[in-house]
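Observations on the model geometry
In case you want the letters, here they are:
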Amino acid sequence: MSTKRIGILTAGGDCPGLNAVIRGVVKASWQLGYECLGFLKGYEGLHDPVRYITLTPKNTTGILTQGGTILGSTNKGRFAATVGVQDRVDLDHDLIAGVAKTVEQLGIEGLVCIGGDGSLAVAQQLHEFGIPIVGVPKTIDNDLQATAYTFGFASAVACATDALDRLHTTAASHERIMVLEVMGRHAGWIALHAGIAGGGDVILIPEIPWTFENVCHKILDREAHDKHFTLVVVAEGAHLPTGEMVGEERRGAQARLGGIGPLVAREIETRLHREARCVVLGHLQRGGAPTTFDRVLATEYGAHAVRLIVEERFGEMICYNPPEMGSVPIIEAVNQIRTVDPGGPAVQTARALGICFGDCDAGHSPFMARVAAPEVATAEEVELDAEFVLDMADAATEEALESC
Ligand code: F6P
């Protein structure tokens, strides 16, 4: 009797929990008598020169807690032309045919693709060609439709929260404004959740337009209430008040976002004459061990992906909408990204706590003259005397704040 085989690959950027999914797939499929082949470097391993390793419970022992992926991954190369269904770039027919040949020759009954929107959009094209594939949603950005959580998100938030905890001590000791720039591309989930968990005072996300005046107003208001430091969390994809995003355009690839944090810190310094420092967290958020939540989620995703293959539900992606673990057609998940709802519960919670999203109208604030652009607020004007600031913490301030 021929061996039943399942294939698995990890595509796109790395993310905590990839190895936990691999282990989940290997163990669950082994229980059912499948052999598991792990393709190397994402989809690349499926096409000439085909590269894979046989995965067993034995050689995957101990990977549950490891960051990265033992199979390697890439978001560049022959299969990187697709950046989501809306900007879908059709893969070359011969490329897909080559993958189909590999799958057939190796007798693979189902292929598990662990990836974000770009990699799952590739999976959708392979499915349309007739290749038996299922998807597992991965990304620290948590921006895939159809699932409340992608694995990796909780770990990235934990990392950003830890960074905020550490920045808190310096901010408080030195009475500084500390700006933390976090990842997330076009979605503000990491900034929002880390900002709430790490006691951020200002959270700037792509989904909520903001102004420097309002951010500075919040800082001054905190000072008026004897809080002489402020933690600002800014998502890399937050738009500047002028509407632009900060990053590098790259030909034929997604723009590389980053750099808004230092810009925000500089502008606050210029306007308020306060010391403002920035930390760009960058890839630290994608590295290291997955949190316990992500280990459980990734393991469940792995086991359920095997179930989808056994039930021949190809072209579907696992999704988790608590308490249900289910699946949806991949196309539904990659059709458009899932962004933060500005009226949603997390934003409402943050606002209830007085966290500022930089969008409240500070036009009538008593601090307004002090937070306007530098040509309006002179150095003398912003040379705040503590007593004056405290004086301002009166009914007028309270009133202005209530309307935020
Ligand atoms: O999509 C995950 C992510 O980490 C984004 O948050 C970030 O913008 C991007 O990938 C960075 O990608 P790269 O590692 O290729 O620069």
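Residues numbered from 1 in each chain as written. Predicted model: local features only at pLDDT ≥ 70, side-chain atom pairs only at ≥ 80, totals over all residues.

Glancing now at the overall build of the protein chain. Along its length, the protein chain carries 14 helices and 13 strands. Looking at the protein chain as a whole, 51% of its 404 residues qualify as buried. Once local pairs closer than 6 in sequence are excluded, the contacts in the protein chain between residues at least 24 apart make up 75%. (Helix = DSSP H or I, 4+ residues; strand = E, 2+ residues; numbered from the N terminus. Buried ≥ 20, exposed ≤ 12 C-beta atoms within 10 Å, placed from the backbone. Contact = placed C-beta atoms within 7 Å.)

Attention shifts here to the site of the ligand. The ligand sits among 13 residues. The nearest are Gly13, Asp141, Met183, Arg185 and Leu257. Here the shell around the ligand is composed, by residue class, of three nonpolar, five polar and five charged. Each of domain 1 (5–152 + 290–333) and domain 2 (156–287 + 342–366) gives at least three residues to the shell around the ligand. (Near = placed C-beta within 6 Å. Nonpolar A, V, L, I, M, F, W, Y, C, P; charged D, E, K, R; others polar. Domains from an automatic or database assignment.)

Turning next to the packing of helix H1 (residues 18–31) against helix H8 (residues 292–310). At a minimum axis distance of 7 Å, the contact between H1 and H8 shows a crossing angle of 40°. The orientation of H1 relative to H8 falls into the category oblique. The interaxial crossing formed by H1 with H8 has right-handed handedness. Residues Ala20, Val21, Arg23, Gly24, Val25, Ala28 and Ser29 of H1 form the contact with H8, whose participating residues are Arg295, Ala298, Thr299, Tyr301, Gly302, Ala303, Ala305 and Val306. (Axes fitted to C-alpha atoms, helices over the stretch in contact; angles between N-to-C directions. Parallel < 35°, antiparallel > 145°, perpendicular 65-115°, else oblique. Left-handed = near helix turned anticlockwise from the far one by under 90°.)

Phi is mostly negative for residues that are not glycine, and the peptide bonds are mostly trans. Pro49 follows Asp48 through a cis peptide bond whose omega is -10°. Following the sequence through the fold, Pro49 ends up in the loop between strand E2 (34–39) and strand E3 (52–55). With an omega of 0°, the peptide bond running from Pro322 to Pro323 counts as cis. Residue placement: Pro323 occurs in the loop between strand E12 (316–321) and strand E13 (324–329). In this structure, Lys41 is a non-glycine residue whose phi angle is positive, near 60°. Phi is positive for His273, which is not a glycine, with a value near 55°. Along the chain, His273 turns up in the loop between helix H7 (260–272) and strand E11 (276–280). Take His273: there are 18 C-beta atoms within 10 Å of it, and that puts it in the partly exposed class.

Before going further, it helps to spend a moment on the pairing of strand E6 (residues 177–182). Burial runs high along E6: six of the six residues are buried. What you see with E6 is no split at all: Ile177, Val179 and Glu181 on one side and Met178, Leu180 and Val182 on the other are buried throughout. Note that E6 and strand E8 (residues 230–235) share six bridges and pair parallel. Its bridge partner lying in E8, Leu180 is registered against Val233. (Pairing = 2+ DSSP bridges.)

The four strands are arranged E7-E8-E6-E11 in an open sheet whose pairing can be described as parallel. Only two strands of the sheet have a single neighbouring strand rather than two, namely strand E7 (202–204) and E11. Going across the sheet, the axis of each strand differs from the next one's by a mean of 20°, ignoring polarity. When E6 meets E11, the two strands line up parallel, connected through five bridges.

Attention now moves to H1. With 14 residues, H1 extends 20 Å between its outermost C-alpha atoms, agreeing within 8% with the 20 Å of an ideal straight helix rising 1.5 Å per residue. Within H1, 11 of the 14 residues are buried, which leaves it mostly tucked inside the rest of the structure. Turning to H1, its buried residues are Leu18, Asn19, Ala20, Val21, Ile22, Arg23, Gly24, Val25, Val26, Ala28 and Ser29. Check the buried side of H1 and you find it contacts strand E1 (4–10), E2, E3, strand E4 (108–115), strand E5 (133–137) and H8. After H1 finishes, the residue Gly33 shows a positive phi value of roughly 85°. (Expected span 1.5 Å × (residues − 1).)

Bringing the nonpolar core into the picture now. One finds Val25, Ala160 and Ile190 to be the most contacted residues of the largest nonpolar core, which totals 113 residues. The element contributing the most residues to this core is helix H4 (residues 153–174), with 11 residues. Built from parts of two domains, this core gets at least three residues from each of domain 1 (5–152 + 290–333) and domain 2 (156–287 + 342–366). Leave out the neighbours within four places in its chain, and Ile190 touches Ile140, Asp141, Ala156, Val157, Ala160, Val182, Met183, Gly184 and Ala235. (Core = buried A, V, L, I, M, F, W, Y, C linked by C-beta atoms within 7 Å.)

With that settled, consider the environment of Ala197. Of note, Ala197 is situated in helix H5 (residues 189–197). Residue class for Ala197 comes out partly exposed when judged on the 15 C-beta atoms lying within 10 Å of it. On a C-alpha basis, the gap between Ala197 and Ala158 in space is 8.5 Å, while along the polypeptide they are 39 residues apart. Ignoring anything within four residues of it in the chain, the contact list for Ala197 reads Val157 and Thr161.

Before going further, it helps to spend a moment on the packing of H4 against H5. Between H4 and H5, the least distance of the axes is 8 Å, while the angle of their chain directions is 50°. As summarised for this structure, H4 and H5 are arranged oblique, according to the angle between their axes. As for how H4 packs across H5, the hand of that crossing is right-handed. Between H4 and H5, the residues in contact are Phe153, Ala156, Val157, Ala160, Thr161 and Leu164 and Trp189, Ile190, His193, Ala194 and Ala197, respectively. In the contact of H4 with H5, the residues fall into nine nonpolar, two polar and no charged.

Another point: the confidence of the model for the protein chain. Summary statistics for the protein chain give a mean pLDDT of 89 and a share of 87% for residues scoring 70 or more. Between residues 376–404, whose pLDDT stays under 50, and residues either more than four places distant or in other chains, the model counts 36 contacts. (pLDDT = per-residue confidence, 0-100.)

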